[in-house]
Amino acid sequence: MTDHDDSAPPPDSEPLPYREVTDEKYAESAARTFTVDEPDPGTLVLRGPCPRCHALIDIAVVDGVFRASRLLGAGPWRRGRSTADHEEPMLCTCQESHPGRPDDAVGCGAYWTLVLSRQDG
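The rules behind the values
- Residues numbered from 1 in each chain as written.
- Predicted model: local features only at pLDDT ≥ 70, side-chain atom pairs only at ≥ 80, totals over all residues.
- Heavy atoms only, no water.
- Helix = DSSP H or I, 4+ residues; strand = E, 2+ residues; numbered from the N terminus.
- Buried < 20%, exposed > 50% of the residue type's maximum accessible area, 1.4 Å probe, protein only.
- Areas by Shrake-Rupley, 256 points an atom, 1.4 Å probe, with all protein chains shown as cover.
- Pairing = 2+ DSSP bridges.
- Axes fitted to C-alpha atoms, helices over the stretch in contact; angles between N-to-C directions.
- Patch = residues over 30% accessible without salt bridge, like charges linked within 9 Å, V, L, I, M, F, W, Y side chains within 5 Å.
- Salt bridge = Lys/Arg side-chain N within 4 Å of Asp/Glu carboxyl O.

What to know about the overall build of the protein chain
Then step 1. Scanning the protein chain for helices and strands turns up two helices and five strands.
Then step 2. What you see in the protein chain, going N to C, is helices and strands ordered as α-β-β-β-α-β-β.
Then step 3. Relative to its full complement of 121 residues, the protein chain shows a buried share of 34%.
Then step 4. When the accessible surface of the protein chain is split by element, carbon and sulfur atoms take 51% of a total near 7,500 Å².

Take a look at the structure:
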């Protein structure tokens, strides 16, 4: 648990300041709200609201992460029965304004780890 309040501000209030921070609730929120698309074989796009600032973000996960599992005959990523798990580090990549964000950074500073499960086709 952290000692900060990262609830989304009302639309007419100031944006959240940039802060590199994590919380176990971020991963729980992302697991509930993110969708998974496979636009091309070997590429996943995780899409959903940042658990801290609530901006809609897309996170691409590419084939290199899955290559060993595919060589071993695991099925494609789908909803259903899990055959393998992969921990994917994620961070907010929004383009929203966050006061105090370094010039070379994106997002609000939130980061978390999402567990992806390979599913039988």
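Continuing now.
Remarks on the sheet that holds strand S3 (residues 56-62)
Then step 1. Strand order in the open sheet formed by three strands is S1-S2-S3, with antiparallel pairing between adjacent strands. Every interior strand has two partners, whereas the edge strands, strand S1 (35-40) and S3, have only one. Along the sheet, successive strands turn relative to each other by an average axial angle of 25°, direction set aside.
Then step 2. Where strand S2 (residues 43-49) and S3 come together, seven bridges link them in antiparallel fashion. Following the sheet pairing, Val-45 is matched in S3 by Ala-60.

Describing a nonpolar patch on the surface
Then step 1. Together, Leu-91, Val-106 and Tyr-111 make up an exposed nonpolar region whose accessible area comes to about 260 Å².
Then step 2. When you line up the elements, Tyr-111 lands in strand S5 (residues 111-119).
Then step 3. Tyr-111 sits in the partly exposed class, given a relative accessible area of 41%.

So, to be careful, I would describe these as geometric facts and stop short of saying anything about function.
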